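# Descriptive analysis of the structure
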Amino acid sequence: MEKLKKFGKNLLFPPTAVLLALAPVAVAFLVDLFAFPGESVAQDCLCYAIAAYTLVVWLARVPGAVARMQDFRHENRHLRRWTEDLRLRVSFTLYGSFTWNLAYGVFQLFLGLYHASSWYYSTAAYYICLAVMRFYLSRHTRRYEPGENRREELRRSRNCGWILVAMNLAISGMLVYMVSEERIVRHSSITAITMATYTFVMFARSIVNLLRARQYDSPLVSVTRIITLAAACVSMISLEATLLSTFAPAGQDPLFRRRMLSISGSVVGVLILLMAIAVISRSTLGLKRAQQEE
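Just so we're clear, the structure is a prediction, and the values are computed from it rather than from any experiment.

Basis of the calculations
Positions within a chain are numbered from 1, following the residues in the order the chain's sequence is written. Totals for whole chains, interfaces and linings use every residue, but because this is a predicted model, local features are given only for residues with pLDDT of at least 70 and side-chain atom pairs only at 80 or more, for both listing and counting. Side-chain metrics rest on all non-hydrogen atoms present in the structure, leaving aside hydrogens and water. By convention in these notes, a salt bridge is any Lys or Arg side-chain nitrogen within 4 Å of a carboxyl oxygen on Asp or Glu. Comment: elements are numbered from the N terminus, with helices defined as DSSP H or I runs of at least four residues and strands as E runs of at least two. Throughout this description, buried means an accessible area under 20% of the type-specific maximum (1.4 Å probe, protein chains only), exposed means over 50%, and partly exposed covers the range between. Across the chain, each position has a pLDDT score giving the predictor's confidence in that residue, from 0 to 100. To obtain an axis, a line is fitted to C-alpha atoms, over the contacting stretch when the element is a helix, and the angle between two such axes runs from 0 to 180 degrees between their N-to-C directions. Any angle from 65 to 115 degrees is called roughly perpendicular, while one under 35 is roughly parallel, one over 145 is roughly antiparallel, and all others are oblique. Crossing handedness is read from the near helix: turned anticlockwise from the far helix by less than a right angle, it gives a left-handed crossing, and turned clockwise, a right-handed one. In this count, Pro and Cys sit with the nonpolar residues alongside Ala, Val, Leu, Ile, Met, Phe, Trp and Tyr, while Asp, Glu, Lys and Arg are called charged and the others, Gly among them, polar. Put simply, a nonpolar core is a bunch of buried Ala, Val, Leu, Ile, Met, Phe, Trp, Tyr and Cys residues held in one set by side-chain atoms that sit within 4.5 Å of each other. For this analysis, residues touch if any pair of their heavy atoms sits within 4.5 Å. Here a pair means two rings of Phe, Tyr or Trp (six-membered ring of Trp) with centres within 6.5 Å. Their orientation is stacked below 30 degrees between planes, edge-to-face above 60, and tilted elsewhere.

### Digging into the pattern of salt bridges
Inspection of every chain in the model, using the stated rule, returns 3 salt bridges. Note that aspartate 217 and arginine 150 form a salt bridge whose closest N and O atoms lie 3.3 Å from each other. With aspartate 217 in the loop between helix H9 (189-212) and helix H10 (219-246) and arginine 150 in helix H8 (residues 150-180), this pair connects stretches of sequence that are 67 residues apart. According to the relative accessible area criterion, arginine 150 is partly exposed, its value standing at 39%. Salt bridges sharing common partners tie together Glu152, Arg155 and Arg156.

Below, the structure is given as structure tokens:
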């Protein structure tokens with residue numbers, strides 16, 4: 001019985017060298033399986049078995065790896081500060097996003113001037129709106145901790161709500177040109193799947209972060225997470241256009257793609273508008289309560 005348990009443990013937790021060697025082998029078998037499907041049933045079964053075994057033994061190491069990472073995070077003073085300092089995390093996120101949004105927005109504006117295209121102008125307006133909001137909020141985090149000056153946070157949140165409304169107009173322009181002029185970029189299947197994985201992960205993460213924002217009782221943190229969720233929603237529309245174009249069957253009616261993009265784009269536009277209205281309303285009510293308390 002002891003030998004059987006030891007064998008099962010060694011099978012589920014093989015040495016690290018074996019674990020590292022299994023990954024490229026499993027990938028090679030899967031590539032062969034998808035490149036040359038149906039050549040041999042026995043070979044296909046072997047490929048699936050090796051891939052499944054590799055996935056299981058790697059997942060079995062996840063809890064231990066997470067525990068070691070938690071220990072390392074508590075022991076390392078820099079990581080501990082990053083975990084405990086909300087102001088540092090929010091400032092880093094805002095400044096990093098601001099830099100990227102501004103650079104990409106200016107690049108799109110340059111393309112718009114060069115090509116005289118309203119598509120690039122709409123895209124530039126969208127990214128510049130994101131950059132303005134994030135820079136505007138980052139100016140506050142330089143002076144105050146999140147939640148320290150609640151009245152100023154409410155005022156800045158309300159202003160960001162109005163910018164969200166303006167940004168929604170730019171998004172509408174992007175969607176109009178995406179649908180009417182087929183402004184869609186086609187990618188290879190692997191690239192499209194990679195983009196889909198990244199976009200879904202970021203979308204799920206933005207939702208989780210928005211729900212976690214409640215524990216901080218800071219309007220600035222909440223509106224920062226709302227802006228990130230709005231950007232993730234727009235990324236989902238772009239991903240939908242890419243997937244519909246990349247995996248479209250031969251002879252598909254272009255009208256189908258236009259209808260799908262129109263429906264999902266309208267939903268996202270309404271959702272962002274509702275988020276903007278909610279931000280403006282909550283901030284205005286909060287400011288009125290603050291004035292009454294004074």
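### What about the confidence of the model for the protein?
On average, residues of the protein score 81 in pLDDT, and 86% of them are at 70 or above. Element-level mean pLDDT values for the protein span from 68 in helix H1 (residues 2-12) up to 89 in helix H7 (residues 118-141).

### Some points on the packing of helix H6 (residues 86-115) against H7
Helix-helix packing is characterised by the crossing angle of the two axes and by the distance between the axes. As a packed pair, H6 and H7 sit with axes 7 Å apart at the nearest point and diverge in direction by 155°. Viewed along their axes, H6 and H7 adopt a mutual orientation that is roughly antiparallel. For the pair H6 and H7, the crossing hand works out as left-handed. For the contact of H6 with H7, the residue count by class is 18 nonpolar, 10 polar and 2 charged.

### Thoughts on the nonpolar core
With 41 residues, the main nonpolar core has Tyr126, Leu130, Leu164, Met167 and Ile272 as its most contacted residues. Elements that contribute at least two residues to this core include exactly H6, H7, H8, H10 and helix H11 (254-293). Among the elements that take part in this core, H10 stands out by supplying 13 residues, more than any other. Once residues within four sequence positions are removed from consideration, leucine 130 is found in contact with Asn101, Met167, Ile227 and Ala231.

### Some details on the packing of aromatic side chains
Taken as a whole and assessed by the stated rule, the structure comprises 6 aromatic pairs. Ring geometry for tyrosine 104 against tyrosine 127: centres 4.7 Å apart, planes inclined by 75°, an arrangement best described as edge-to-face. Of this pair, tyrosine 104 sits in helix H6 while tyrosine 127 sits in helix H7, and the two are 23 residues apart along the sequence. Residue classification places tyrosine 104 among the partly exposed residues on the basis of a relative accessible area of 26%.

### Looking at unusual backbone geometry
The backbone of aspartate 217 sits at a positive phi, close to 50°, despite the residue not being glycine. With relative accessibility at 53%, the residue aspartate 217 sits in the exposed group.

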